[in-house]
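So the chains spell out like this:
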Amino acid sequence: PLERKEKPAESLEDSKVAANNARLAQENAQLVQERDLLRTLIDGLPDNIFVKDRQSRVLISNLAHARTLGATRPDEVLGKSDRDIFPAEAANQYYEDEQALMKSGQPLNRKESVVIPGTSEKRWVQTTKVPLRDKQGAVVGLMGINRDITETNQTVEALRESQALNHSLLEQLPMGIFRKDREGRFVLVNSEFCRIKGMKAEEFLGKTPLEVGA
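Per-chain numbering applies: the sequence of each chain, read as written, is numbered from 1 onward. In view of the model being predicted, local features appear only for residues whose pLDDT reaches at least 70, and side-chain atom pairs are presented and counted only at 80 or more, with totals across whole chains, interfaces and linings using the full set of residues. Computation of side-chain values: all heavy atoms of the structure, hydrogens and water removed.

## Topic: the sheet that holds strand β1 (residues 48-53)
Two strands qualify as a pair provided DSSP detects at least 2 bridges between them. A run of H or I in DSSP counts as a helix once it spans at least four residues, and a run of E counts as a strand once it spans at least two, with each numbered from the N terminus. Strands sit in the order β2-β1-β5-β4-β3 across an open sheet of five strands; the sheet is antiparallel. Pairing within the sheet leaves two strands with one partner each, and these edge strands are β2 (58-61) and β3 (108-115). Between one strand and the next, the sheet's axes are offset by a mean angle of 25°, whatever the strand orientation. With nine bridges joining them, strand β4 (residues 122-133) and strand β5 (residues 139-148) adopt antiparallel strand pairing. Paired with Leu-132 across the strands is Gly-141, a residue of β5. Between two residues, a contact is recorded if the distance between any of their heavy atoms is within 4.5 Å. Simply put, an axis is a line fit to the C-alpha atoms, just over the touching stretch for a helix, and the angle between two N-to-C directions goes from 0 to 180 degrees. Sheet strands touched by helix α3 (residues 88-104): β1, β3, β4 and β5. Its angle to β3, the strand with the most contacts, is close to 165°.

Okay, here's the thing in structure tokens:
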């Protein structure tokens, strides 16, 4: 009878290496796919998204963030800090804020103005920055999101100006003017109305005629 020959040890080892390499290649392909999907996602968002290292240098930037910094592609701003992009006064403020955030470990959330580099265009953004920590809990950088609120700010400012103008016009009218809400409470009175009634504006607001005897 024919003798059964055992597979050489070297061949078994080679098979294990090949199988391991195939597994690594598959995992790497999956990581590349996930990275590409993540890149597509963040580049499709209108908000500025970025990650910085402990020295406030950009590690990750989405397309919106890159364009805000005056670049056309995210890779153009990688490795740069605000000091490489913005005027000294603004850049130093951003840098100091970020270093204070990473030192304290406390997030930052506030409204601030930004002048687009290379232009004189001023935009308002709502900025949120949070510290990034390693597995041991040490702060190794930060992640930030900037949302452009310029149009919202302009709308609010326009409403304020309109209200101020309306109030000014009402104050100049030679007749008593008032407005009430659906429950009959005074929400607006002009100076002439107050003069006629012999009372101050704050005595009317939020009250009904019955409550103020008017």
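## Focus: the nonpolar core
We call a set of buried Ala, Val, Leu, Ile, Met, Phe, Trp, Tyr and Cys residues a nonpolar core when their side-chain atoms join them within 4.5 Å. Residue exposure (1.4 Å probe, protein chains only): buried if accessible area is under 20% of the type maximum, exposed if over 50%, otherwise partly exposed. Judged by nonpolar contacts, Val-58, Ala-66, Leu-69, Ala-71, Val-77, Ile-85, Phe-86, Ala-91, Tyr-94, Val-114 and Val-125 together constitute the single largest core of 11 residues. Discounting residues that sit within four places of it in the chain, Tyr-94 has contacts with Asp-82, Phe-86, Glu-112, Ser-113 and Val-114.

## A closer look at the packing of aromatic side chains
Any pair of Phe, Tyr and Trp rings, taking the six-membered ring for Trp, is counted once the centres come within 6.5 Å. Such a pair is stacked with planes under 30 degrees apart, edge-to-face with planes over 60 apart, and tilted for the rest. Taken as a whole and assessed by the stated rule, the structure comprises six aromatic pairs. Ring plane angle 75° and centroid distance 5.7 Å describe the contact between Phe-178 and Phe-186, whose orientation is recorded as edge-to-face. On the accessibility criterion, Phe-178 (42% relative accessible area) is partly exposed. For the pair Phe-186 and Phe-204, a centre-to-centre distance of 5.3 Å together with 75° between the ring planes defines the contact as edge-to-face. Residue Phe-186 is found in strand β7 (residues 186-189), and its partner Phe-204 is found in helix α6 (residues 201-204); the two are separated by 18 residues along the sequence. We classify Phe-186 as buried; its relative accessible area is 2%.

## Quick word on the pattern of salt bridges
Within this document, salt bridges are pairs made up of a side-chain nitrogen of Lys or Arg and a carboxyl oxygen of Asp or Glu, the two lying within 4 Å of each other. Counted by the stated rule, this structure contains 17 salt bridges. Between Arg-123 and Asp-148 there is a salt bridge, and its shortest N-O distance comes to 3.0 Å. One end of the pair, Arg-123, is in strand β4; the other, Asp-148, is in strand β5, with 25 residues separating them in the sequence. Among the residues examined, Arg-123 registers a relative accessible area of 22% and is labelled partly exposed. Salt bridges here are not isolated pairs; linked through shared partners, they connect Lys-52, Asp-82, Glu-98 and Lys-129.

## A closer look at unusual backbone geometry
You will see that Ser-56, though not glycine, has its phi angle at about 65°, which is positive. Inspection of the secondary structure assignment puts Ser-56 in the loop between β1 and β2.

## Overview of α3
Spanning 17 residues, α3 covers 24 Å between terminal C-alpha atoms, matching the ideal 24 Å at 1.5 Å per step. Turning to α3, its buried residues are Ala-91, Tyr-94, Asp-97, Glu-98, Gln-99, Leu-101 and Met-102. Its buried side turned inward, α3 meets β1, β3, β4 and β5. Directly after α3, the chain includes Gly-105, whose backbone phi takes a positive value near 75°. Expected helix span is taken as 1.5 Å per residue step, with the number of steps being one fewer than the number of residues.

## Details of a nonpolar patch on the surface
A cluster of nonpolar side chains, contributed by Leu-38, Leu-41 and Leu-45, occupies part of the molecular surface with about 280 Å² of accessible area. Inspection of the secondary structure puts Leu-45 in the loop between α1 (9-43) and β1. On the accessibility criterion, Leu-45 (36% relative accessible area) is partly exposed. Here the term patch refers to residues with relative accessible area over 30% and no salt bridge, with like charges joined within 9 Å and nonpolar side chains (Val, Leu, Ile, Met, Phe, Trp, Tyr) within 5 Å. Using a 1.4 Å probe, the Shrake-Rupley method yields the accessible areas, and only the shown protein chains count as cover for residues.

## Description of empty space enclosed by the protein
With a 1 Å grid laid over protein atoms only, a set of points is called a cavity when a 1.4 Å probe fits there but cannot get out and a pocket when it is open yet has protein on both sides within 12 Å along at least five of seven lines; lining residues have an atom within 4 Å of a point. Grid points are joined across faces, edges and corners, and a volume is the space filled by probe spheres set on the points. Within this structure, the stated rule accounts for two cavities of 30 Å³ or more. The volume enclosed by the largest cavity comes to roughly 150 Å³. Along its surface, the largest cavity is lined by 16 residues, and Asp-82, Phe-86, Tyr-94, Val-114 and Asn-146 are the ones closest to its centre. There is about 30 Å³ of room inside the second largest cavity. Considering the residues around the second largest cavity, the lining is formed by Tyr-94, Asp-97, Leu-108, Arg-110, Glu-112, Thr-127 and Lys-129. Among the elements of the structure, α3, β3 and β4 are those that each provide at least two residues to the lining of the second largest cavity.

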